[in-house]
Structure formats: structure tokens, C-alpha cells
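# A closer look at the structure
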Amino acid sequence: MRLKQRSSSTDAVSVVPVSARTYWRITLAGAALLMVTMGARQSMGMFISPMNTATALGIASISLSLAIGQLVWGAVQPVAGAFADRYGHGRVLVIGAVVLALGYVITPLMTSHVGLAFSIGVLMAAGSGLGSFSVLIGATAHHLPAERRGMAAGVINAGASFGQMVFAPIVQKLITLSGWVNAMWIMALVALATLPLARILRRPVERDDAPAASGYPAVAPKIGLRAAIKQAVCNPSFLLLNLGFFTCGFHIAFLVTHLPGEIDLCGMSPSVASWSLSIIGLANILGSLAVGWGVGRFRSKTILFWMYTSRAVLIGLYLVCPKTETTFYVFALGLGATWLATVPPTAGLVGKLFGTTYLSTLFGLTLFSHQVGGFLGAWLGGIAVVELGNYQAMWYADIALAVVAALANLPIREAKMQPRIALTA
């Protein structure tokens, strides 16, 4: 099987020697890596209670370490992308796995607040960040033709949601059977088990086949990293894209942090919260795959417009509906469909605007804007419930930001869809 790229009047004809087997080997390797790094990151909450019981560090200190990790994970994205673009994605992924494993190994040995902040907030967060979206999507983009990157990003993104689903119960079972210390050391071995996958995603011969029909010139391989970043931050389309992704981070962090509190305020069992979060993860697997399929057929900015619009509508409907278990489950199902499914079209737009040469770096900057929004969503949600006694103001802010994000994507200068790559025997 070979993928042949049809010619257009503006682009030279090229044949991309990527077989279907190679395509899926690369894509599934990226998905498996993200399943581990995101699954490990999302399951850290399982350790809070046993660590608090076994140590004198306290929940406040443990929670602060996790909060620091949120910012470090976001800040490391553009740095990881820059190193990957310069020195190779495989090397960065190897370093990430080793750093993540080291964080797990030394955390049980920490006896101070500073030590815990270093092991969890710096090492674990940096390790998972080095093996996260910016590096993995950038790695696959260097292997695959432009028309196949959207679906690949969708599959990789689904790996993150799958990791969120499976790692939390696995970690909980490990803690129950062997204690939290042994559970952390087992997770260190899991992180190291991803090392062979990094070899699959080593960067191939340099290429940049993204079309330059977006209205802005694609970044050529000869341009320096600093010049590429300057070109991006001066590009209105890139800034609008970051505004939308900031909103996505605000939504996700607010919900994952405060949805259990909202459900508690409505007088319902904590099991409703756990089931709602599980439904979000399951729905996002399906949503990521669907959006990944759509990226190869429709403009990414149009997909993002409808995704953010759907969030505004869903939150509005939630506010007027009676607060029952069914309402929360349907709400979780609807939001889960777009939860992190914004990643494939967002990464795709970065690639279309600037090519793949510095995709990991530039998408890493976009991910950092996502985490800044996430920090504000989690923080302001806590302030709202303390000062006002409920989350009503945050829900209205969610709606307003969703509308702004939807409209912000429309002016992005994205090229029309090119003829798709045809599969031939």
C-alpha cells in the first residue's frame, strides 16, 4: 500500500512513501505514549489520601505540588517542542520517560514540602510534558503526509482519554494491593516501558510538505527557531487560535476540578461525579476519533467554531435543566465529545499556517496558553464558590468565553481543503 498525493495547480506532484502499516505503527505508538504520560498525570489524585495518611506533609502541601505541576506541564510544552525540533523527537521522548520515572522513584523518599514540590511538581510534570501533545503530534507530522495528520492526531488524542479512563482504577488497585510506595515504583517501570516506542517516533529525513496557501508563507527549513516564533506571535491567525485554546483550557480545568463540588451542591452522591468524569473520558475517545476524521475533510477553523458553539449551548441548557443524575450524565456526554478533541484541529491549523519544521515548538506555545486558561479556570472556580457560595458566575463566564472562542476562529486564514491522498494498492 502506498499513499499517492494528487497534484494541484499550485503544488508540485509528490509521492509520499508511507504504507498503511507504517502509518498505523507510528500513530499507535504516539497514542500509546500519550496514554501512559497523560494517564500517569491524571491519576495522581489517587495518591493524595494515602500520602497524607502516611506522611506529615498534609493535603495542602500535596495539592500545592500538584498545582505547581499544572503550570510546569504547560510551561514545558514549548521548551520540549523546541528541543524536539532541534535535536529530534525520539531523544526528547526518551528523556521524558526517564524524568517521569525518576519523579515516581524519589517521591516516596521526600520528607519536606520543597522536596515534594520538586518530585511531583517539577520532575513528574516535566517528564509527562516531554512526552505529551506538542512532541508527539510534531513527531507524527514529520512522518506523515498532511492529509493524514488529522486522523493520526485524533487517534493519538484518544490515547490520552483512554489513559485517563484506565490508569485511575489501575493505580487505585495497585495502592490497595501493594501500598502507595510500591504503586509509585511500579508506575516508574511503566514509564520506562515506553522507551521502545520513542525509537519508532525518531524524526525521519527533514521535510515540510504543508501547503503555503493559507495566506501566510510556511516556515521554511532554513529559517531559525527564533524567527519562526516571531513570525507566529505576529500572525493574527495564530493569536486568534491561542485565544480559542485558552478558553478550552479554562473549561476543562474548571470542570475537572469543580464538577464534583457542583454535584455536591446539588445534593447528589459523589458517585455521580465519578461516573460523570468517566463518561467524559469515554465520550472524548469517540469525539477525538470523529474530529480526527473530520480534519481531513473540513476546514479546522469550522470544526473549532462548531465545537466551541456546542459548549456554549450545552452549558446554557444545563443551567435551565433540573439538576438530576440524568442531566449530569447527558451534560458529561455532550461536553466529553469536545473535551480534548480540540487538539487535532488546533494542531492541524498550526501546521497549515507554519508547516511542520517547528510544529512541536509552535503548538507547544499554544498548549501553554491552554494551561494558562486552565490555571485560571481552576483558581477562579475556587474563589467563586468561596465568595458566592455557588458556581453560577463561572457557568456564565464559560458561556461567554465559548462564544468568544467560536467567533475568534472564523477569521483565521486557513486554506481550502486540498484533494485527499488516494490509497492505492
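A brief report on the enclosed structure follows. (Residues numbered from 1 in each chain as written. Predicted model: local features only at pLDDT ≥ 70, side-chain atom pairs only at ≥ 80, totals over all residues. Heavy atoms only, no water.)

Counting its secondary structure elements, the protein contains 17 helices and 3 strands. Per-residue burial over the protein gives 52% buried out of 425 residues. (Helix = DSSP H or I, 4+ residues; strand = E, 2+ residues; numbered from the N terminus. Buried < 20%, exposed > 50% of the residue type's maximum accessible area, 1.4 Å probe, protein only.)

Opposite charge on two side chains makes pairing possible when the charged atoms of those side chains draw close. Applying the stated criterion to the full structure yields 1 salt bridge. Across the salt bridge formed by Glu414 and Lys352, the nearest N and O atoms sit 2.6 Å from each other. Of this pair, Glu414 sits in the loop between α17 (392-409) and β3 (422-424) while Lys352 sits in helix α15 (residues 343-354); the two residues are 62 residues apart in sequence, bridging distant segments of the chain. (Salt bridge = Lys/Arg side-chain N within 4 Å of Asp/Glu carboxyl O.)

Interhelical geometry of helix α4 (residues 89-106) versus helix α5 (residues 113-130) gives an angle of 155 degrees and a closest axis separation of 7 Å. The orientation of α4 with respect to α5, classified from their angle, is roughly antiparallel. Pair α4 / α5 crosses with left-handed handedness. Two secondary-structure elements touch here, α4 through Val92, Leu93, Ile95, Gly96, Val99, Leu100, Leu102, Gly103, Tyr104 and Ile106 and α5 through Phe118, Ser119, Leu123, Met124, Gly127, Ser128 and Leu130. Split into classes, the residues belonging to the contact of α4 with α5 amount to 12 nonpolar, 5 polar and no charged. (Axes fitted to C-alpha atoms, helices over the stretch in contact; angles between N-to-C directions. Parallel < 35°, antiparallel > 145°, perpendicular 65-115°, else oblique. Left-handed = near helix turned anticlockwise from the far one by under 90°. Contact = heavy atoms within 4.5 Å. Nonpolar A, V, L, I, M, F, W, Y, C, P; charged D, E, K, R; others polar.)

As a further point, take the nonpolar core. Within the largest apolar cluster, 79 residues are counted, with the highest numbers of intra-cluster contacts made by Phe133, Leu201, Val350, Phe363 and Trp395. With 10 residues, the top contributor of residues to this core is helix α11 (residues 236-265). Leu100, Leu116, Trp180 and Met187 belong to the second largest nonpolar core, which has 24 residues in total. (Core = buried A, V, L, I, M, F, W, Y, C linked by side-chain atoms within 4.5 Å.)

The terminal C-alpha atoms of α11, which comprises 30 residues, lie 41 Å apart, in line with the 44 Å expected from a rise of 1.5 Å per residue. The sharpest bend along α11 comes to roughly 55 degrees, located at His258, with the proline Pro260 sitting one to four residues further on. Sitting at the head of α11, Asn235 places a side-chain oxygen 2.9 Å from the backbone nitrogen of Ser237. Phi turns positive, to about 80 degrees, at Gly267, one or two residues after α11. (Expected span 1.5 Å × (residues − 1). Bend = angle between axes of the 7 residues up to and from the residue. Polar contact = N/O pair within 3.5 Å; in protein donor to acceptor, adjacent residues only side chain to side chain.)

On the surface, Leu71, Phe375, Trp379, Leu380 and Ile383 cluster together to form a nonpolar patch covering roughly 430 Å² of accessible area. The dominant element in the nonpolar patch, judged by the number of residues it contributes, is helix α16 (residues 359-388), at 4 residues. Following the sequence through the fold, Phe375 ends up in helix α16. Residue Phe375 is classed as partly exposed on the basis of its relative accessible area of 38%. (Patch = residues over 30% accessible without salt bridge, like charges linked within 9 Å, V, L, I, M, F, W, Y side chains within 5 Å. Areas by Shrake-Rupley, 256 points an atom, 1.4 Å probe, with all protein chains shown as cover.)

The subject of this paragraph is the environment of Thr324. Of note, Thr324 is situated in the loop between α13 (300-320) and α14 (325-336). One polar contact links Thr324 to Thr327, side chain to side chain, over a distance of 3.1 Å.

Relative to the helices and strands, Ser119 is located in helix α5. What makes Ser119 buried here is its relative accessible area of 0%. In this structure the side chain of Ser119 is engaged in a polar contact, spanning 3.1 Å, whose partner is the side chain of Thr107. Not counting the four nearest positions on each side in its chain, Ser119 is found in contact with Gly103, Ile106, Thr107, Met110 and Met124.

For the rest of this paragraph, the subject is the side chain of Ser288. Along the chain, Ser288 falls in helix α12 (residues 270-295). Its relative accessible area of 0% is what places Ser288 among the buried residues. Ignoring anything within four residues of it in the chain, the contact list for Ser288 reads Gly154, Asn157, Ala158 and Ala341.

Turning to the packing of α11 against α14, a few remarks are in order. Where α11 contacts α14, the axes come no closer than 13 Å and their chain directions differ by 170 degrees. The pairing of α11 with α14 is recorded here as roughly antiparallel in orientation. Residues Leu255, Leu259, Glu262 and Ile263 of α11 touch α14, and the partners they reach there are Phe328, Phe331 and Leu335. Per-class residue counts for the contact of α11 with α14 are 6 nonpolar, no polar and 1 charged.

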